[in-house]
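Examining the three-dimensional arrangement
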There are 2 protein chains.
Amino acid sequence: MSFDQPLPLQGGGVLSAYQLSYETYGELNAARDNAVLICHALNASHHVAGHYPGQAKSEGWWDNMIGPGKPVDTTRFFVIGVNNLGSCFGSTGPMHTNPATGRVYGADFPVVTVEDWVQAQARLLDALGIGQLAAVMGGSLGGMQALSWSLQFPDRLRHAVVIASAPNLNAENIAFNEVARRAIVTDPDFHGGHFYAHGVVPKRGLRIARMLGHITYLSDDVMNTKFGRLLQNGEALKYSTQEIEFQIESYLRHQGDKFSEYFDANTYLLITRALDYFDPARAFNNNLTAALARASAQFLLVSFTTDWRFAPSRSREMVQALVANQRQVSYAEIDAPHGHDAFLLDDPRYLSLVRAYFERIGAGGAA
Amino acid sequence: MSFDQPLPLQGGGVLSAYQLSYETYGELNAARDNAVLICHALNASHHVAGHYPGQAKSEGWWDNMIGPGKPVDTTRFFVIGVNNLGSCFGSTGPMHTNPATGRVYGADFPVVTVEDWVQAQARLLDALGIGQLAAVMGGSLGGMQALSWSLQFPDRLRHAVVIASAPNLNAENIAFNEVARRAIVTDPDFHGGHFYAHGVVPKRGLRIARMLGHITYLSDDVMNTKFGRLLQNGEALKYSTQEIEFQIESYLRHQGDKFSEYFDANTYLLITRALDYFDPARAFNNNLTAALARASAQFLLVSFTTDWRFAPSRSREMVQALVANQRQVSYAEIDAPHGHDAFLLDDPRYLSLVRAYFERIGAGGAA
């Protein structure tokens with residue numbers, strides 16, 4: 001969908017015109033009160049559920065969660081997936097042409113924040129004729145958007161579902177993002193972010209960024225269970241510094257290679273920066289309770305015990321701040337071995353918990 | 001010191017001749033039984049204590065631990081620091097000339113293992129006329145060498161002091177090493193490891209490797225305490241993907257820059273590989289108790305609660321295996337906030353514990 005009304009950005013710039021790619025699942029009811037907005041994290045898109053006919057492996061990234069009869073049941077809810085500004089899956093981003101210059105944006109694409117994304121998403125809802133959402137839901141960076149929705153548009157959502165998320169990144173999270181960004185920016189093929197004109201892609205940097213990301217998405221436990229110290233080729237050691245020796249090396253290289261084939265380097269910088277910047281408490285002297293006082297939605301928060309990227313303690317900070325504001329909050333800490341990735345996986349307790357919550361939303365109407 | 005007798009390597013190769021740089025502190029006593037060997041970790045050297053006259057900031061890397069009146073008291077012990085083969089601080093390594101080809105080794109330097117280092121260190125002791133060490137001591141990778149000493153030369157040491165170490169790396173540790181290695185190897189200035197001939201250094205890769213290393217050396221806690229979300233320049237956000245915004249970014253970039261000025265890229269590959277390969281239990285069907293049955297030394301093991309790189313649980317594995325073999329073991333788990341780096345820092349409980357242990361060694365003689 002095209003938008004012509006300029007979008008002022010938190011960083012000071014303006015996007016004069018932009019496109020948002022989105023998908024919907026299910027039907028908007030007559031009361032227009034059954035819409036659920038799904039917000040994506042770093043490398044996902046508007047394609048949250050279902051698959052494209054005749055296209056193998058085209059399942060949406062949250063297809064285990066969203067669909068007919070699934071925890072977020074699209075026979076009951078009208079689900080909207082939207083690709084965020086600055087991403088590389090259809091919505092306006094660094095690979096597109098800057099109307100001001102006629103050249104590809106590249107590194108000139110303005111820094112966009114979680115707050116900016118929410119503003120853009122709200123305009124999409126306006127265009128779709130949806131005043132109030134039944135829920136906004138997301139995991140990780142998507143959970144930050146759900147939280148931000150409850151603060152920027154408290155009247156436009158009844159429920160916020162914030163999964164494996166945090167009220168801001170801690171120093172270690174920022175540090176990992178920075179290493180990934182430096183790997184990309186210092187790749188000679190980055191060309192200051194204008195690599196498109198050179199017909200190259202900074203794949204080396206993207207590979208490193210993705211390998212590093214994968215380490216932080218998994219738990220120590222699951223890595224030891226899946227890979228441990230297993231060798232790639234039989235039992236004979238090669239004694240090589242550069243050849244693959246351990247299976248974990250092969251796994252990471254494969255993930256890095258795949259990612260570098262489809263993901264945009266400038267998008268990686270933009271999205272990790274949106275993560276770094278998100279911090280609703282900053283304007284409230286780091287008082288999260290004060291920051292969340294504006295929220296009026298009901299909340300479901302979920303965390304996973306082995307998630308060391310967005311640890312349960314970070315979810316509990318949000319729970320405490322909401323409770324201090326006497327908001328209605330459900331919180332579950334799921335004992336799952338998979339680390340941060342758990343929010344995308346088939347943990348039965350997790351999925352039934354979300355199912356039960358959405359059944360309550362459905363039953364409660366305006367709750 | 002030069003060695004002309006070829007050194008067969010675990011990986012199958014041979015070093016026909018090599019040099020070992022070493023330093024000693026204190027005096028070897030008449031009984032020749034007060035020698036303590038200090039083994040270094042990734043980026044350290046033989047310069048473990050004291051400083052070079054007239055040279056500012058030349059303190060040895062373990063100067064808080066070793067010296068006159070210090071926990072490892074050089075008025076009582078004869079302390080030896082040795083630079084390992086493949087390193088870049090004087091001992092034979094990838095920056096030196098391969099006598100077989102007349103060219104700089106570069107990537108052709110053979111993969112060396114913890115076991116190889118111990119063999120080379122034993123020859124140095126032969127040359128110094130030291131039959132049996134009072135102790136071998138090291139932290140992290142240095143602790144692996146101390147453990148390996150107890151297995152390869154059980155009669156040549158009375159005590160093994162193994163600090164912040166592990167009986168092998170787990171999958172996550174190998175994964176971090178692999179990301180660092182890929183950053184170096186895929187840097188166009190690496191030239192397959194023969195960058196010396198091109199007059200360049202793969203600094204981009206070294207920077208990334210070091211930034212990543214620093215994240216794993218620190219605890220989440222200490223990062224939040226030292227840096228948190230503090231901005232580098234006042235309170236105004238820059239909204240930039242490439243400029244430094246947070247202090248943690250500045251810290252990491254600085255560490256990366258410094259490191260890339262002095263450390264050798266091939267050495268980084270070699271030493272991380274030595275870490276990956278170390279696994280004395282592998283030859284015993286992953287039975288650590290069986291692997292450690294050969295050890296006859298007395299042990300002191302120390303771990304630090306917030307060390308997530310070499311977690312206390314890994315030290316406890318070694319303690320259990322030694323106890324199962326009815327070896328004499330002292331173990332301390334120090335409640336320190338600093339993560340893996342704690343083994344190099346001034347924690348009073350830690351330093352007095354090591355002091356007390358060495359007083360016992362000194363009192364006990366052949367104990």
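Up top is the structure these notes are about.
In short, a report on the structure. In this text, all values refer to a predicted model and were calculated from it rather than measured experimentally. (Residues numbered from 1 in each chain as written. Chains lettered and ligands numbered in written order. Predicted model: local features only at pLDDT ≥ 70, side-chain atom pairs only at ≥ 80, totals over all residues. Heavy atoms only, no water.)

**Focus: the environment of Ala175(A)**
Put simply, the test is: The helix count covers DSSP runs of H or I at least four residues long, the strand count covers runs of E at least two residues long, and both are numbered beginning at the N terminus. Each residue gets one of three labels from its accessible area relative to the maximum for its type: buried under 20%, exposed over 50%, partly exposed in between, using a 1.4 Å probe on protein chains only.
By the secondary structure assignment, Ala175(A) is in helix α3 (residues 171-185). Among the residues examined, Ala175(A) registers a relative accessible area of 0% and is labelled buried.

**Quick look at the sheet that holds strand β11 (residues 157-163) of chain B**
Residues and elements named next belong to chain B. Note the following rule: In this analysis, strands are considered paired if DSSP registers two or more bridges between them. In this description, a line fitted to the C-alpha atoms serves as the axis of each element, helices being fitted only across the stretch in contact, and the angle between N-to-C directions of two axes falls anywhere from 0 to 180 degrees. Should any heavy atoms of two residues lie within 4.5 Å, those residues are considered in contact.
If you trace the seven strands from one edge of the open sheet to the other, you get β5-β9-β6-β10-β11-β12-β13, paired in mixed fashion. Lying at the two open borders of the sheet, with one neighbouring strand each, are β5 (22-25) and β13 (329-334). Put simply, the sheet's adjacent strands are angled 15 degrees from each other on average, direction ignored. In terms of strand pairing, β5 meets strand β9 (residues 78-82) through four bridges, oriented antiparallel. Looking at the pairing, Glu23 lines up with Gly81 of β9. In the packing of helix α1 (residues 114-128) onto the sheet, contacts are made with β5, β6 (35-39), β9 and β10 (133-139), and the angle to β9 comes to roughly 135 degrees.

**Considering the interface of chain A and chain B**
Many analyses report the size of an interface as the accessible area lost when the parts associate. Convention followed: When two parts are brought into contact, each loses some accessible area as probed by a 1.4 Å sphere; the total of that loss over both is the buried area. Put simply, a salt bridge is a Lys or Arg side-chain nitrogen that is within 4 Å of an Asp or Glu carboxyl oxygen. In the analysis that follows, any N or O atom pair within 3.5 Å is treated as a polar contact, provided that within protein one partner can donate a hydrogen and the other can accept it, and provided that, for residues neighboring in sequence, both atoms belong to side chains.
Contacts between chain A and chain B engage 59 residues on the former and 59 residues on the latter. Summed over both sides, the interface of chain A with chain B buries roughly 5,200 Å², with 61% coming from carbon and sulfur. Connecting chain A to chain B are eight salt bridges. Between Arg181(A) and Glu249(B) there is a salt bridge; the shortest N-O distance is 2.8 Å. At the junction of chain A and chain B, the tally comes to 28 residue pairs in polar contact (both at pLDDT 80 or more). Taken together, the elements giving at least two residues each to the side of chain A that touches chain B come down to α3, α4 (203-217), α5 (220-226), α6 (247-262) and α7 (265-277) of chain A. Per element, the largest residue contribution to the side of chain A that touches chain B is eleven residues, and it comes from α3(A).

**Overview of the nonpolar core**
We apply this condition: Put simply, buried Ala, Val, Leu, Ile, Met, Phe, Trp, Tyr and Cys residues joined by side-chain atoms within 4.5 Å make one nonpolar core.
Judged by nonpolar contacts, the single largest core of 190 residues is most densely connected at Trp149(A) and Trp149(B). Among all residues touching Trp149(B), those that are not within four sequence positions of it are Leu37(B), Val118(B), Gln121(B), Ala122(B), Leu125(B), Leu133(B), Val136(B), Pro154(B), Arg156(B) and Leu157(B).

**Some remarks on the relation of the copies chain A and chain B**
The cut-off we apply is this: For this overlay, a least-squares fit was computed on C-alpha atoms, restricted to residues scoring pLDDT of at least 70 in both copies.
For the pair chain A and chain B, the superposition axis carries a translation of 0.0 Å, the fit reaches an RMSD of 0.0 Å, and the rotation angle comes to 180 degrees. Interpreted geometrically, this transformation is the action of a two-fold axis.

**Some remarks on helix α2 (residues 141-152) of chain B**
Residue and element names in this part refer to chain B. Cut-off, in case you're wondering: Here the expected span of a helix is defined as 1.5 Å times the quantity of residues minus one.
The end-to-end C-alpha distance of α2, which contains twelve residues, comes to 16 Å, matching closely the 16 Å that a straight helix rising 1.5 Å per residue would cover. The buried fraction of α2 amounts to eleven of the twelve residues, a majority that puts the element mostly inside the structure. Listed in full, the buried residues belonging to α2 are Leu141, Gly142, Gly143, Met144, Gln145, Ala146, Leu147, Ser148, Trp149, Ser150 and Leu151.

**Some details on the sheet that holds strand β10 (residues 133-139) of chain A**
In sheet architecture, strand pairing relies on hydrogen bonds along the backbone and comes in two forms, parallel and antiparallel. Residues and elements named next belong to chain A. Strand order across the open sheet formed by seven strands is β5-β9-β6-β10-β11-β12-β13, with mixed pairing between neighbours. The open sheet has two edge strands with one neighbour each: β5 (22-25) and β13 (329-334). Going across the sheet, the axis of each strand differs from the next one's by a mean of 15 degrees, ignoring polarity. Inspection of the sheet shows strand β6 (residues 35-39) paired to strand β9 (residues 78-82) by four bridges, in the parallel sense. In the strand pairing of β9, Ile38 is matched with Gly81. The sheet strands contacting helix α1 (residues 114-128) are β5, β6, β9 and β10, and the helix crosses β9 at an angle near 135 degrees.

**Description of the state of the cysteines**
Residue and element names in this part refer to chain A. Spelled out, the test is: Any two cysteine sulfur atoms lying within 2.5 Å of each other are counted as a disulfide.
For the coordinates displayed, the defined rule picks out zero disulfides over all chains. Cys88 forms no disulfide, and the closest cysteine sulfur to it belongs to Cys39, at a distance of 17 Å. By relative accessible area, Cys88 is classed as buried at 10%.

**Observations regarding the environment of Tyr22(A)**
Relative to the assigned elements, Tyr22(A) resides in strand β5. Excluding residues within four positions of it along the chain, Tyr22(A) makes contact with Met1(A), His46(A), Ile80(A), Gly81(A), Val82(A), Leu124(A) and Leu128(A).

**Section: the packing of aromatic side chains**
Keep this limit in mind: Pairing of aromatic side chains here covers Phe, Tyr and the six-membered ring of Trp, requires ring centres within 6.5 Å, and sorts the geometry by plane angle: under 30 degrees stacked, over 60 edge-to-face, intermediate tilted. Criterion for a charge above a ring: Lys NZ or Arg CZ within 6 Å of the ring centre, and within 35 degrees of the ring normal.
Taken as a whole, this structure holds 42 aromatic pairs over all chains when the rule is applied. Pairing Trp61(B) with Trp62(B) gives two aromatic rings, centres 5.1 Å apart and planes at 15 degrees, and the pair type is stacked. Each member of the pair, Trp61(B) as well as Trp62(B), carries the same accessibility label: buried. Within the aromatic cluster, the residues linked to one another by ring pairs are Phe89(A), Phe259(A), Tyr262(A), Phe263(A) and Tyr268(A). Over the aromatic face of Phe153(A) sits the side chain of Arg156(A), whose NZ or CZ is 5.9 Å from the ring centroid.

**As for the packing of helix α3 (residues 171-185) of chain B against helix α7 (residues 265-277) of chain B**
Residue and element names in this part refer to chain B. Cut-off, in case you're wondering: What sets the label is the angle itself: under 35 degrees gives roughly parallel, over 145 gives roughly antiparallel, 65 to 115 gives roughly perpendicular, and the rest give oblique. Two helices cross in a left-handed way if the nearer one is turned anticlockwise from the farther one by less than a right angle. They cross in a right-handed way if the turn is clockwise. Each residue is assigned to one class: nonpolar for Ala, Val, Leu, Ile, Met, Phe, Trp, Tyr, Cys and Pro, charged for Asp, Glu, Lys and Arg, and polar for all the others, Gly among them.
At their nearest, the axes of α3 and α7 sit 10 Å apart, and the two run at 160 degrees to each other. Viewed along their axes, α3 and α7 adopt a mutual orientation that is roughly antiparallel. By crossing handedness, the relation of α3 to α7 is classed as left-handed. Taken together, the residues of α7 that come into contact with α3 (itself represented by Ile174, Asn177, Ala180, Arg181, Ile184 and Val185) are Ala265, Tyr268, Leu269, Thr272, Arg273, Leu275 and Asp276. Along the lines of polarity and charge, the residues of the contact of α3 with α7 split into eight nonpolar, two polar and three charged.

**Re α3(A)**
Residue and element names in this part refer to chain A. Between its terminal C-alpha atoms α3 stretches 20 Å, which fits the 21 Å expected from 15 residues at 1.5 Å a residue. By the criterion of burial, α3 is predominantly enclosed, with 15 of the 15 residues buried. The backbone nitrogen of Glu172 lies 3.2 Å from a side-chain oxygen of the residue at the head of α3, namely Asn170.

**Structural notes on the pattern of salt bridges**
For the coordinates displayed, the defined rule picks out 32 salt bridges over all chains. With its nearest N and O atoms 2.8 Å apart, the salt bridge here joins Arg207(B) to Asp257(B). Here Arg207(B), found in helix α4 (residues 203-217), pairs with Asp257(B), found in helix α6 (residues 247-262); they are 50 residues apart in sequence, far enough to count as distant. Salt bridges sharing partners connect three or more residues here, namely Glu178(A), Arg181(A), Arg273(A), Asp276(A), Glu249(B) and Arg253(B).

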